[in-house]
Amino acid sequence: MPKTVRTLWPGNQVPISILLDDPTPCRNPMWYEFPDDGHEAVVPLAFAARFADMCERTGAAGKFSLVPCPGAQGRVDQALPGIAADDLERFLSLVRERIAPRWSIGPEMLTHGNAIDLATGQVLPMREDVWAARQDERTLTRYIAHALRILVDAGFKPTGVTSPWSFGVEVEDAYTGAITTALREVCDARVGWYFLRSDAISPTVAPRPMRIDLERGSALISIISGQRDWLWETQYGEPAYIDTALSR
């Protein structure tokens, strides 16, 4: 037996999977959530194009979540108030053609804001994570399925979901059952993922199988972030600290 074991990574480089949250077509998601805090409203299409350029240049890949109904204002598969139809389609085409081939696409639930009553279409006076904490598997399944259908109708093939804030953490058993059912019914996906938890302490963080159904041949995997959000401060004009997470 050898005394030491070395891990040899492809290309002699440690792979990193990027968890990219909150993209909304042509708008800053923080502007939807905090419209009075002075956040820039418009994100030029050129910014998304530059991101796609970087992905193609470097081979970057990971999880890319889209908000189906940003700020509970319109739907990405139909129309968004204040965004020209051509700009919306150009954004969606860019993501479909240049990002989706390498990235796992999924909704960051429905609005990443206040929840919507699906029966009436009315916006509820509570955030989605607060609403989710009071739901059962049936209502969560309907809500998640609606978010998935919007992305499917926009031309995507979702393979999982991202939790806005801590959506579903209080009822995670019902939540994982709802995700599994919604992915199967809407996307015909037998293997899926969800992003809810992070762990910035453990030296290594492996994905966790949460639902295994050998009879159906299906599985749901919890994708766990192994680091803090190194880019969070950039929205307040501070520099990114991503380099501190990298070593050779």
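In what follows, the structure referred to is the one given above.
Here's what I pulled together on the structure shown here. None of these values were measured; they are calculated from a predicted model.

This part takes up the nonpolar core. If you look at the biggest cluster of nonpolar residues, it comprises 55 residues, and the most contacted ones within it are Trp131, Leu140, Ile144 and Tyr175. Residue contacts for tryptophan 131: discarding those within four places in its chain leaves Ala115, Leu124, Met126, Thr139, Leu140, Tyr143 and Phe167.

The three strands are arranged S1-S2-S3 in an open sheet whose pairing can be described as parallel. Edge strands, defined here as strands with exactly one partner in the open sheet, are strand S1 (18-20) and strand S3 (104-107). Ignoring which end each strand starts from, the neighbouring axes of this sheet average 15° apart. In the sheet, S1 pairs with strand S2 (residues 62-66) via three bridges, with the strands oriented parallel. Bridging from a neighbouring strand, leucine 19 pairs with lysine 63 of S2.

It is worth spelling out the pairing of S2 at this point. Of all five residues that make up S2, five are buried, and the element is covered over most of its length. Here four bridges tie S2 to S3, and the two strands are oriented parallel to one another. The partner of phenylalanine 64 across the bridge, within S3, is isoleucine 105. Crossover connection from S2 via helix H3 (residues 85-99) to parallel S3: handedness right-handed.

With respect to the helices and strands, the residue aspartate 37 is situated in the loop between helix H1 (29-33) and helix H2 (45-58). Look at aspartate 37 and you get exposed, because its relative accessible area is 55%. As for aspartate 37 and leucine 140, which are separated by 103 residues in sequence, their C-alpha atoms are 31 Å apart.

Right, let's talk about the pattern of salt bridges for a bit. Two side chains carrying opposite charge are able to pair once their charged atoms lie near each other. Under the counting rule described, the total for this entry stands at 10 salt bridges. Across the salt bridge formed by lysine 63 and aspartate 21, the nearest N and O atoms sit 2.2 Å from each other. Of the two residues, lysine 63 is situated in strand S2 and aspartate 21 in the loop between S1 and H1; the sequence distance between them amounts to 42 residues. Judged by its relative accessible area of 30%, aspartate 21 falls in the partly exposed class. We note a salt bridge from glutamate 56 to arginine 98, for which the minimum N-O separation is 2.8 Å. Of the two residues, glutamate 56 sits in helix H2 while arginine 98 sits in helix H3, which places them 42 residues apart along the sequence. Judged by its relative accessible area of 49%, glutamate 56 falls in the partly exposed class. Through salt bridges with shared partners, one network takes in Asp53, Glu56 and Arg98.

Quick look at the packing of H2 against H3 now. The N-to-C vectors of H2 and H3 enclose an angle of 5°; their axes lie 10 Å apart at closest approach. When the axes of H2 and H3 are compared, the pair comes out roughly parallel. On the side of H2, the interface is formed by Leu45, Ala48, Ala49, Phe51, Ala52, Asp53 and Glu56, while H3 contributes Asp87, Arg90, Phe91, Leu94, Arg98 and Ile99. For the contact of H2 with H3, the class distribution of residues is eight nonpolar, no polar and five charged.

As summarised here, the arrangement of the four strands in space is S6-S7-S9-S8, forming an open sheet in which the pairing is mixed. Single-partner strands in this sheet number two, and they are strand S6 (160-162) and strand S8 (208-213). Direction aside, neighbouring strands of the sheet carry axes that sit 20° apart on average. Inspection of the sheet shows S8 paired to strand S9 (residues 218-225) by five bridges, in the antiparallel sense. Residue isoleucine 212 lies in a different strand from S9, and its bridge partner there is alanine 219.

This paragraph deals with H3. The end-to-end C-alpha distance of H3, which contains 15 residues, comes to 20 Å, matching closely the 21 Å that a straight helix rising 1.5 Å per residue would cover. All of the buried residues in H3 are Leu88, Phe91, Leu92, Ser93, Leu94, Val95 and Ile99.

Turning next to helix H6 (residues 172-187). Across its 16 residues, H6 extends 21 Å between first and last C-alpha, which sits within 8% of the 22 Å expected from 1.5 Å per residue. The element H6 is extensively covered by neighbouring structure, given that 13 of its 16 residues are classed as buried. Taken from the residues just after H6, aspartate 188 is the one with a positive phi, measuring 55°.

Taken as a whole, this structure holds nine aromatic pairs when the rule is applied. Seen from their ring centres, tyrosine 143 and phenylalanine 167 are 6.4 Å apart, and the 25° between their planes marks the pair as stacked. In this pair, tyrosine 143 sits in helix H5 (residues 137-153) while phenylalanine 167 sits in the loop between S6 and H6, placing the two residues 24 residues apart along the sequence. Grouped by ring-pair contacts, the aromatic residues Trp131, Tyr143, Phe167, Tyr175 and Tyr194 constitute a single cluster.

Analysis parameters
Residues numbered from 1 in each chain as written. Predicted model: local features only at pLDDT ≥ 70, side-chain atom pairs only at ≥ 80, totals over all residues. Heavy atoms only, no water. Core = buried A, V, L, I, M, F, W, Y, C linked by side-chain atoms within 4.5 Å. Buried < 20%, exposed > 50% of the residue type's maximum accessible area, 1.4 Å probe, protein only. Contact = heavy atoms within 4.5 Å. Pairing = 2+ DSSP bridges. Helix = DSSP H or I, 4+ residues; strand = E, 2+ residues; numbered from the N terminus. Axes fitted to C-alpha atoms, helices over the stretch in contact; angles between N-to-C directions. Right-handed = clockwise from strand over helix to strand, strands pointing away. Salt bridge = Lys/Arg side-chain N within 4 Å of Asp/Glu carboxyl O. Parallel < 35°, antiparallel > 145°, perpendicular 65-115°, else oblique. Nonpolar A, V, L, I, M, F, W, Y, C, P; charged D, E, K, R; others polar. Expected span 1.5 Å × (residues − 1). Phe/Tyr/Trp six-rings, centres within 6.5 Å; stacked < 30°, edge-to-face > 60°.

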